[in-house]
Amino acid sequence: MIDLFYAPTPNGHKITILLEELGLPYRIIPINIRKNDQFLPSFLAVAPNNRIPAILDHNYPDGPLSLMESGAILTVLAERHGHRFLPVSGHPRAQVLQWLNWQMGGLGPMAGQNHHFNQFAPEKIPYAMKRYTDETARLYGVLNRQLEGRDYVAGEYSIADMVIYPWVLLHERQQMDMAQFPNIVAYLKRIGERPAVQRAYVHGTKFDWERSLTEEEIQALLRS
Ligand SMILES: N[C@@H](CCC(=O)N[C@@H](CS)C(=O)NCC(=O)O)C(=O)O
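What counts and how
Residues numbered from 1 in each chain as written. Predicted model: local features only at pLDDT ≥ 70, side-chain atom pairs only at ≥ 80, totals over all residues. Heavy atoms only, no water. Helix = DSSP H or I, 4+ residues; strand = E, 2+ residues; numbered from the N terminus. Buried < 20%, exposed > 50% of the residue type's maximum accessible area, 1.4 Å probe, protein only. Near = heavy atom within 4 Å. Polar contact = N/O pair within 3.5 Å; in protein donor to acceptor, adjacent residues only side chain to side chain. Nonpolar A, V, L, I, M, F, W, Y, C, P; charged D, E, K, R; others polar. Contact = heavy atoms within 4.5 Å. Salt bridge = Lys/Arg side-chain N within 4 Å of Asp/Glu carboxyl O. Core = buried A, V, L, I, M, F, W, Y, C linked by side-chain atoms within 4.5 Å. Domains from an automatic or database assignment. Phe/Tyr/Trp six-rings, centres within 6.5 Å; stacked < 30°, edge-to-face > 60°. Lys NZ or Arg CZ within 6 Å of the ring centre and 35° of its normal.

A cis amide bond, omega 5°, links Ile52 with the succeeding residue Pro53. Secondary-structure assignment places Pro53 in the loop between helix H2 (41-46) and strand E3 (54-57). The backbone phi angle of Gln175 is positive, close to 65°, even though this residue is not glycine. Looking at Gln175, the relative accessible area reads 44%, which means it is partly exposed.

Glancing now at the site of the ligand. Near the ligand, the surroundings consist of Thr9, Asn11, Ile33, Gln38, Asn50, Arg51, Ile52, Pro53, Glu69, Ser70 and Met104. Between Glu69 and the ligand, the recorded distance is 2.8 Å, taken from a side-chain N or O atom to a nitrogen atom. Ser70 is positioned such that a nitrogen or oxygen atom in its side chain is 2.6 Å from an oxygen atom of the ligand. Of the residues assigned to the shell around the ligand, the class counts are four nonpolar, five polar and two charged.

Before going further, it helps to spend a moment on helix H3 (residues 70-80). Of the positions making up H3, those classed as buried are Ser70, Gly71, Ile73, Leu74, Thr75, Leu77 and Ala78. Lining the buried residues of H3 we find strand E1 (2-6), helix H1 (10-22), E3, strand E4 (65-68), helix H4 (90-120) and helix H6 (159-168). Once H3 ends, the next one or two residues include Gly82, with phi positive near 75°.

This brings us to the pattern of salt bridges. Scanning the model with the defined rule gives nine salt bridges in all. When the shortest N-O distance is used, the salt bridge between Arg194 and Glu21 registers 2.7 Å. Placement of Arg194 in the loop between helix H7 (182-192) and helix H8 (195-206) and of Glu21 in helix H1 is noted, with a sequence separation of 173 residues between them. By relative accessible area, which is 23% here, Arg194 ends up partly exposed. Residue Glu21 is classed as buried on the basis of its relative accessible area of 10%. A salt bridge links Glu217 to Arg211, with the nearest nitrogen and oxygen atoms 3.1 Å apart.

Moving on, we come to the nonpolar core. Val153, Ile159, Ile164 and Ile184 are the most contacted members of the largest nonpolar core, which has 63 residues in total. If one sorts the elements of this core by residue count, H6 sits on top with eight residues. A domain-level breakdown of this core finds at least three residues from each of domain 1 (2-84 + 199-223) and domain 2 (90-193). Apart from the residues lying within four places of it in its own chain, the contact partners of Ile184 are Tyr140, Leu143, Asn144, Leu147, Val168 and Met178. Residues Ala121, Ala128, Met129 and Tyr132 belong to the second largest nonpolar core, which totals five residues.

This brings us to the packing of aromatic side chains. Aromatic rings in a pair are described by how distant their centres are and how their planes are angled relative to each other. Taken as a whole, this structure holds nine aromatic pairs when the rule is applied. Where Tyr152 meets Tyr157, the ring centres are 5.3 Å apart and the plane angle is 55°; that geometry is what we call tilted. Judged by its relative accessible area of 16%, Tyr152 is buried. The exposure class assigned to Tyr157 is buried, which follows from its relative accessible area of 10%. The structure contains a cluster of three or more aromatic residues connected by ring pairs, namely Tyr6, Phe207 and Trp209. Here the guanidinium or amino end of Arg80 rests over the ring plane of Tyr60, the centre of that ring lying 3.6 Å away. Over the ring of Tyr132 we find Arg131; its NZ or CZ atom is 5.8 Å from the centre of that ring.

Here it is, written out as structure tokens:
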């Protein structure tokens, strides 16, 4: 069994997508990041960076593995489960890791700042709004070009697509003009039609943003 510390955000969806694609049994431990549940000691013990997602994977003989950082979680899970969605070696593996890290170090942080300054910042700061909207658009341009003549970003459908999809799905919030990125529009449709992706997103509809867990409740959940 795998415990997934989760909220329905782009980084959270990445993990439910892979778990559903692999058909692995898992249990959601809801972490309401709007109510600061990410600072509860039981969660910090697994994810010292106080951010979701994180996993406690009980399928290790020498004790559960705790892991944070979505890119690391996807890499480790794919390697441990038959290398599905992550080639074993050579150019194909390198390409998947390249695009995975492009998302982790580029698209994710830039689109995250874009969301912050365009949607949530208490004051409108035009310089920051423009900087992150422009940078997000530049990254969409890179992705759109990479998808020219390709169905997926690194050859076969892979964990690189699973990290990119949840972020470009939020293109409206990022103020992107999708008429400029037709390959991304087709890519979103292609991935969104996968039954595993649809199942992954159902967790989001069930998440209660009004509810906050106590430390005792998390501990009880982890013991059960
Ligand atoms: N690089 C991290 C980023 C994780 C991240 O930023 N998570 C956000 C939600 S999408 C979070 O937990 N935020 C809580 C906070 O800011 O305190 C990953 O990919 O796992």
